[in-house]
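# An overview of the molecular structure
Chain residues, written in single-letter form:
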Amino acid sequence: MASLLLRYQLFLSIGVVFLAIWKASLANLDSIQSFWSSSSSLGLASSPSTIRIELLVTYLPLWALLSLGLYALFSVLYRVATFGDCPEAADELSKQIVTAKEKLKAAGFAF
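These lines cover the structure that appears in this document, whether it is placed above or below. Worth saying up front: this structure is predicted, and the values here are computed from it rather than measured.

The rules behind these values
Here, residues in each chain are numbered from 1, in the same order as that chain's written sequence. Whole-chain, interface and lining totals are the exception, using all residues; otherwise, since this is a predicted model, local features are given only for residues with pLDDT of at least 70 and side-chain atom pairs are given and counted only at 80 or more. Heavy atoms from the whole structure form the basis of all side-chain values; hydrogens and water molecules are not counted. We count a stretch as a helix when DSSP gives it H or I for four or more residues in a row; a strand needs E for two or more, and each element gets its number in order from the N terminus. Remark: exposure states derive from per-residue accessible area (1.4 Å probe, protein chains only) relative to the maximum for the residue type, with buried under 20%, exposed over 50%, and partly exposed in between. Here the open area of atoms and residues is found with the Shrake-Rupley method and a 1.4 Å probe, where only the protein chains shown may cover a residue. What the arc measures is the spread of directions leading from the helix axis to the C-beta atoms. A contact between two residues is defined here by any heavy atoms of the two lying within 4.5 Å. Excluding any residue in a salt bridge, patches collect residues exceeding 30% relative accessible area, merging like charges within 9 Å and nonpolar Val, Leu, Ile, Met, Phe, Trp and Tyr side chains within 5 Å. Here, a salt bridge means any side-chain nitrogen of Lys or Arg that lies within 4 Å of a carboxyl oxygen of Asp or Glu. Lines fitted to C-alpha atoms define the axes here, with helix axes fitted over just the stretch in contact, and angles between the N-to-C directions of these axes take values from 0 to 180 degrees. Geometric relationships in this document are graded by angle, where less than 35 degrees denotes roughly parallel, more than 145 denotes roughly antiparallel, 65 to 115 denotes roughly perpendicular, and other angles denote oblique. Residues were grouped as follows: Ala, Val, Leu, Ile, Met, Phe, Trp, Tyr, Cys and Pro as nonpolar; Asp, Glu, Lys and Arg as charged; and all remaining residues, including Gly, as polar.

## Brief notes about the overall build of the chain
Along the backbone of the chain there are five helices and zero strands. For the chain, the α and β elements follow one another from N to C terminus as α-α-α-α-α. Within the chain, the proportion of its 111 residues that are buried is 8%. Working note: accessible area of the chain is about 9,900 Å², and carbon and sulfur atoms make up 70% of it.

## Some words on helix H2 (residues 29–37)
The periodicity of an α-helix, 3.6 residues per turn, causes residues three or four places apart in sequence to face the same way. Every buried residue of H2 is accounted for by Leu29, Gln33 and Ser37. The buried residues of H2 occupy an angular sector of 55° when the element is viewed end-on, so they sit on one face.

## Looking at the side chain of Gln33
Inspection of the secondary structure puts Gln33 in helix H2. Judged by relative accessible area, which is 13%, Gln33 ranks as buried. For Gln33, the contacting residues outside a window of four places in its chain are Thr50, Ile53 and Glu54.

## What about a nonpolar patch on the surface?
A cluster of nonpolar side chains, Ile51, Leu55, Leu56, Tyr59, Leu62, Trp63, Leu66, Leu70, Leu73, Phe74 and Leu77, forms an exposed patch at the surface whose accessible area comes to about 1,100 Å². Taken together, the elements giving at least two residues each to the nonpolar patch come down to helix H3 (48–58) and helix H4 (60–81). Among the elements that take part in the nonpolar patch, H4 stands out by supplying seven residues, more than any other.

## Details of the side chain of Ser25
With respect to the helices and strands, the residue Ser25 is situated in helix H1 (residues 7–27). Among the residues examined, Ser25 registers a relative accessible area of 17% and is labelled buried. Excluding its chain neighbours within four sequence positions, the residues that come into contact with Ser25 are Ile32 and Val57.

## Here we look at the packing of H1 against H4
For the pair H1 and H4, interaxial distance at closest approach is 11 Å and the crossing angle is 150°. If you check the angle between H1 and H4, you find them roughly antiparallel. Residues Phe11, Phe18 and Trp22 of H1 lie in contact with H4, whose contacting residues are Leu60, Pro61, Ala64 and Leu68. Taken together, the residues of the contact of H1 with H4 break down into seven nonpolar, no polar and no charged.

Right, here's the structure in full:
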């Protein structure tokens, strides 16, 4: 029988893999910058493309958290907007409220 990962285990394992890749990217930032800037003919050490790459790699966890937060927000908003009505449950609840009020009136409570 195959064991399934719990949701927090899956989240933590993906987080650990992401942090390992990010840490390796930070450690090899110079080689990443030289790879991406080798196609440019300027050859400047601090060209705009290398600065953008450095900012992207440096703040990657922040971008990931921001993206995860936006995904969670829009997911909740979508689920709330498309939540279906259940008239049968509303009728049942109304009947239960009436029954509860009758029992409480019989017990001496006034409404």
